[in-house]
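Descriptive structure summary
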Amino acid sequence: STPPTKVSLQQSKVEDVKQAVNVDKELESLKISGNELMQKKKLAEAIEVYTKCLQLDSKYLPALNNRAQAYLARKEYPAAIIDCCSVLAIEPTNCKALYRRASAYRNSAESVKD
């Protein structure tokens, strides 16, 4: 096979950028949908939408953080802790993740006492 030409490599890079932009738009659109579902207290549906975001980009912090909040609201503390830890592995000083993880730990400890 023939080696790629400079033009074909440039076209390939342009396509890569277009694909990345499309993924970013899709992530933002899904995040907005998830946020709207959260406001309507449709937590299970919001979790599904944030999970779709994470299937596109497993390190998309807004989706991880928001899904953790939804898990917290559903009292699914282990799942909230996992998502918070995933955020903190990428961004150790993320205030939302630190707070939500602490809340999940506190609430899960309180539910064990009951």
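Attention in this report is confined to the structure presented alongside it. In this convention, every chain numbers its residues from 1, walking through the sequence in written order. Confidence filtering applies because this is a predicted model: local features only for residues at pLDDT of at least 70, side-chain atom pairs given and counted only at 80 or more, and all residues used for totals across whole chains, interfaces and linings. Excluding hydrogens and water, the side-chain values take into account all heavy atoms of the structure.

**So, the pattern of salt bridges**
Here the idea is simple: oppositely charged side chains can pair when their charged atoms come close. In what follows, salt bridge is the name for a side-chain nitrogen of Lys or Arg lying within 4 Å of a carboxyl oxygen of Asp or Glu. One pass over the structure, following the stated rule, counts three salt bridges. Asp 83 serves as the salt-bridge partner of Arg 67, at 2.6 Å between the closest nitrogen and oxygen. Taken together, the residues span a long stretch of sequence, with Arg 67 in helix α3 (residues 61–73) and Asp 83 in helix α4 (residues 77–90) at a distance of 16 residues. Here Asp 83 falls in the buried class, since its relative accessible area comes to 3%. Salt-bridge contacts for Arg 74 lead to Glu 76; the nearest nitrogen and oxygen are separated by 2.5 Å. Think of it this way: any DSSP run of H or I at least four residues long counts as a helix, any run of E at least two long counts as a strand, and we number them from the N terminus. Relative accessibility decides the category of a residue: with a 1.4 Å probe and only protein chains considered, values under 20% of the type maximum give buried, values over 50% give exposed, and everything between is partly exposed.

**Overview of the packing of helix α2 (residues 43–56) against α3**
Throughout, an axis means a line fitted to C-alpha atoms (over the contacting stretch in the case of helices), and angles, computed between N-to-C directions, take values from 0 to 180 degrees. Running from N to C, α2 and α3 point in directions that differ by 155°, and their axes come no closer than 9 Å. In terms of their interaxial angle, α2 and α3 are classed as roughly antiparallel. Crossing of α2 against α3: the hand is left-handed. Between α2, through Leu 43, Ile 47, Tyr 50, Thr 51, Cys 53 and Leu 54, and α3, the contact on the second element is made entirely by Ala 63, Leu 64, Asn 66, Arg 67, Ala 70, Tyr 71 and Ala 73. Each residue belonging to the contact of α2 with α3 can be placed in one class, and the counts come to 10 nonpolar, two polar and one charged. With respect to orientation, any angle under 35 degrees is reported as roughly parallel, any angle over 145 as roughly antiparallel, any angle of 65 to 115 as roughly perpendicular, and every other angle as oblique. The handedness criterion is simple: a crossing whose near helix is rotated anticlockwise from the far helix by less than a right angle is left-handed, and one whose near helix is rotated clockwise is right-handed. Every residue pair with non-hydrogen atoms within 4.5 Å of one another is taken to be in contact. Residues are grouped as follows: Ala, Val, Leu, Ile, Met, Phe, Trp, Tyr, Cys and Pro are nonpolar; Asp, Glu, Lys and Arg are charged; every other residue, Gly included, is polar.

**Notes on the side chain of Asn 66**
Note that Asn 66 resides in helix α3. For Asn 66, a relative accessible area of 15% gives the class buried. Side chain to side chain, Asn 66 and Asn 35 meet in a polar contact 3.0 Å long. Apart from the residues within four sequence positions on either side, Asn 66 is in contact with Lys 31, Asn 35, Met 38, Tyr 50 and Arg 100. By the criterion applied in these results, polar contacts are pairs of N or O atoms within 3.5 Å in which, for protein atoms, one can donate a hydrogen and the other can accept it, and in which residues neighboring in sequence qualify only through two side-chain atoms.

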